[in-house]
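Reading the structure
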Amino acid sequence: MKYSVEILVMPRKELLDPQGKAVTNGLHNIGFKSIDDVRVGKCITYITETNSEAEAIEEANNASKKLLANLVMESYQVKVSKID
């Protein structure tokens, strides 16, 4: 079965996000004063073919831990959807 996988990688909440701070300041400078505490991360998507949704999730978790996320500084969330 084919699955669409989305992995959202974000800086850990307890760590400073300099890129997010720069974006927050930029937004304030161009008039978006109500926007605050911006966090900048990355979204990784791919298609995989596995026997089950559980296998697709396990694969995504392994890929995230081994390469896609720096677990010292980042956390991640996995979303898997079956492709019909």
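Here, every reference points to the structure presented above.
So, here's what we can say about the structure. Small disclaimer: the values here were computed from a predicted structure and weren't measured. (Residues numbered from 1 in each chain as written. Predicted model: local features only at pLDDT ≥ 70, side-chain atom pairs only at ≥ 80, totals over all residues. Heavy atoms only, no water.)

**Focus: the side chain of Glu74**
This is how the line gets drawn: Each helix is a run of H or I in the DSSP string that is no shorter than four residues. Each strand is a run of E no shorter than two, and both are numbered from the N terminus. Accessible area is worked out with a 1.4 Å probe on protein chains only. A residue is then buried under 20% of its type maximum, exposed over 50%, and partly exposed in between. Positive: Lys, Arg. Negative: Asp, Glu. His and the chain ends are not part of the count. Salt bridges, as used here, are contacts in which a Lys or Arg side-chain nitrogen is within 4 Å of a carboxyl oxygen on Asp or Glu. What makes two residues a contact is simply this: any of their non-hydrogen atoms within 4.5 Å.
Its place among the elements puts Glu74 in strand E3 (residues 74-83). Buried charge without a salt bridge: Glu74, with Lys42 as the nearest opposite-charge side chain at an N-O distance of 4.0 Å. The residues touching Glu74, leaving out its near neighbours within four places in the chain, are Val9, Met10, Pro11, Arg12, Lys42, Leu68 and Ala69.

**Observations concerning helix H2 (residues 53-68)**
Selection rule: Given a helix with a known number of residues, its expected span is that number minus one, times 1.5 Å. Of all possible arcs, the one meant is that of the directions from the helix axis to the C-beta atoms.
In a regular helix each residue adds 1.5 Å, so 16 residues correspond to 22 Å; H2 covers only 20 Å between its end C-alpha atoms and thus falls short of that length. For H2, the set of buried residues is Ala56, Ala60, Ser64 and Leu68. For H2, the angular spread of the buried residues around the axis is 75°, confining them to a single face. H2 presents Ala54 and Lys66 as exposed residues on the side facing more than 90 degrees away from its buried surface. Tucked inside the fold, the buried residues of H2 contact strand E1 (2-11), strand E2 (42-49) and E3.

**Thoughts on a nonpolar patch on the surface**
Heads up, the rule is: To count toward a patch, a residue needs a relative accessible area over 30% and no salt bridge; like charges are then connected within 9 Å, while nonpolar side chains (Val, Leu, Ile, Met, Phe, Trp, Tyr) are connected within 5 Å. Per-residue and other accessible areas follow the Shrake-Rupley method at a 1.4 Å probe size, with only the shown protein chains counted as cover for residues.
A cluster of nonpolar side chains, Leu15, Val72 and Met73, forms an exposed patch at the surface whose accessible area comes to about 290 Å². Here Val72 shows up in the loop between H2 and E3.

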